[in-house]
Amino acid sequence: MEVTWWGHATCTVEDSGVRFLTDPLFARRLAHLRRRRGAPPPPEAAVAEAVLVSHLHSDHLHLPSLARLAPGTLVLVPRGAPDAVPGLRRLAARGLRLTEVAAGDEVSVEGVTVRAVPALHDGRRLPFGPHRSPALGYVVEGGARTYFAGDTGLFAEMAEEVGPVDVALLPVGGWGPYLGQGHLDAARAAEALAALSPAAAVPVHYGTYWPIGLDGVRPHEFHAPGDEFVRQAARLAPKVAVHRLGHGERVRPEVAR
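Residues numbered from 1 in each chain as written. Predicted model: local features only at pLDDT ≥ 70, side-chain atom pairs only at ≥ 80, totals over all residues. Heavy atoms only, no water.

**Here's the deal with the packing of aromatic side chains**
The tally for this structure, following the rule as stated, stands at two aromatic pairs. Ring geometry for W5 versus Y206: centroids 5.2 Å apart, planes at 20 degrees, classification stacked. A residue pair is termed long-range when its members are at least 10 positions apart, and W5 in strand 1 (residues 2-7) and Y206 in the loop between strand 14 (200-204) and strand 15 (209-211) qualify at 201 residues. Taking relative accessible area as the criterion, Y206 reaches 3% and is therefore assigned buried. Look at W210 and F222: their rings are 5.6 Å apart centre to centre, the planes differ by 80 degrees, and that puts the pair in the edge-to-face class. Here F222 lies in helix 6 (residues 220-223) and W210 lies in strand 15, a separation of 12 residues in the sequence. Sitting above the plane of the F222 ring, R36 keeps its charged end 4.6 Å from the centroid. (Phe/Tyr/Trp six-rings, centres within 6.5 Å; stacked < 30°, edge-to-face > 60°. Helix = DSSP H or I, 4+ residues; strand = E, 2+ residues; numbered from the N terminus. Buried < 20%, exposed > 50% of the residue type's maximum accessible area, 1.4 Å probe, protein only. Lys NZ or Arg CZ within 6 Å of the ring centre and 35° of its normal.)

Spelled out as structure tokens, the structure:
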């Protein structure tokens, strides 16, 4: 299996010849955020058999990025997402295959199993309003078991809900000077790593987008989370091989199955 990190929470996971794309975000700018590191992903990043959308926030469910997918692409979204984000139905009318899932649901994609798992994060599309969809993570199980955490805080049942995994793609930061509830910073992500105990890990969700005009406010929160996660992981989970990738870099983690 192979993992490519395109920036933020966007990764390609290729397992058993099947490509999975997580939370695609290909924009140079999103509202008050601009991409401060690396060019947007190349066209090849939008090529996948299935897309895994973790929750409704616009930096994870980005309609213009989803519109770049080829007709026929399977897109897994949290249950209720098309009601909360009507633009999803327009994309479905143009040929995307939407499938709504909740924690515990399993979907087979060309022989590779995808299982939705819980996440501790705000599932609303907007800052105010009802919770219409749960935030999710996903476990892709083919030749390896790969956990994409989406956006989540640390919760006591994480290892039990996720189950045994070989590779963990964990958020270690965010897109602003301060992280709110329902997020992992580098230290909490290392705690999650120790609980999950995979063979390998890739830190994501940091060092990509930042609010316009706030470059000088707590800049370490943009630059440092990847290295800090490596340091904390070495202390709390020394047997895990941590791969800190640059944008567009890929790795083939060693897993024993």
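**Details of the pattern of salt bridges**
A complete count under the given rule lists 14 salt bridges for this structure. A salt bridge links E228 to R231; the shortest N-O distance between them is 2.7 Å. Linking E228 with R231, this pair stays in helix 7 (residues 225-236), spanning three residues, or about one helical turn. For E228, a relative accessible area of 25% gives the class partly exposed. Among the charged side chains, a network of salt bridges with common partners joins E2, E44, R250 and R252. (Salt bridge = Lys/Arg side-chain N within 4 Å of Asp/Glu carboxyl O.)

**Concerning the pairing of strand 3 (residues 18-22)**
With respect to burial, strand 3 is a largely interior element, five of its five residues being buried. The side-chain alternation of strand 3 yields two buried faces, one formed by V18, F20 and T22 and the other by R19 and L21. Pairing geometry for strand 2 (residues 10-15) and strand 3, over five bridges, is antiparallel. Looking at the pairing, T12 lines up with L21 of strand 3. Once strand 2 ends, the chain turns through two residues before running back antiparallel as strand 3, passing S16 with a positive phi of about 55 degrees. (Pairing = 2+ DSSP bridges.)

**Focus: empty space enclosed by the protein**
Any empty space left between atoms is shown by rolling a water-sized probe over those atoms. Applying the stated criterion across every chain yields a total of one cavity of 30 Å³ or more. If you trace the largest cavity, you find it lined by E2, T4, W6, T12, E14, R19, E44 and R250. Mapped onto the lining of the largest cavity, the elements with two or more residues apiece are strand 1 and strand 2. Tallying contributions element by element places strand 1 first for the lining of the largest cavity, with three residues. In terms of residue class, the lining of the largest cavity is built from one nonpolar, two polar and five charged. (1 Å grid on protein atoms, 1.4 Å probe; cavity = no way out; pocket = protein on both sides within 12 Å on 5 of 7 lines; lining within 4 Å. Points joined across faces, edges and corners; volume = space filled by probe spheres on them. Nonpolar A, V, L, I, M, F, W, Y, C, P; charged D, E, K, R; others polar.)

**Overview of unusual backbone geometry**
In the Ramachandran plot, A31 falls in the positive-phi region, its phi being about 55 degrees despite a non-glycine side chain. With respect to the element layout, A31 can be found in the loop between strand 4 (29-30) and strand 5 (33-35).

**Here's the deal with the sheet that holds strand 13 (residues 167-171)**
Overall, mixed pairing links the seven strands, which are arranged 9-10-11-12-13-14-16 in an open sheet. In this open sheet, the two edge strands, each paired with only one partner strand, are strand 9 (106-109) and strand 16 (241-242). Sheet topology note: the strand 13/strand 14 ladder contains five bridges and is parallel. Opposite L170, over in strand 14, you have P203 as the bridge partner. Against the sheet, helix 5 (residues 186-196) makes contact with strand 12 (145-148), strand 13, strand 14 and strand 16, and its axis sits at roughly 160 degrees relative to strand 13, the strand it touches most. (Contact = heavy atoms within 4.5 Å. Axes fitted to C-alpha atoms, helices over the stretch in contact; angles between N-to-C directions.)

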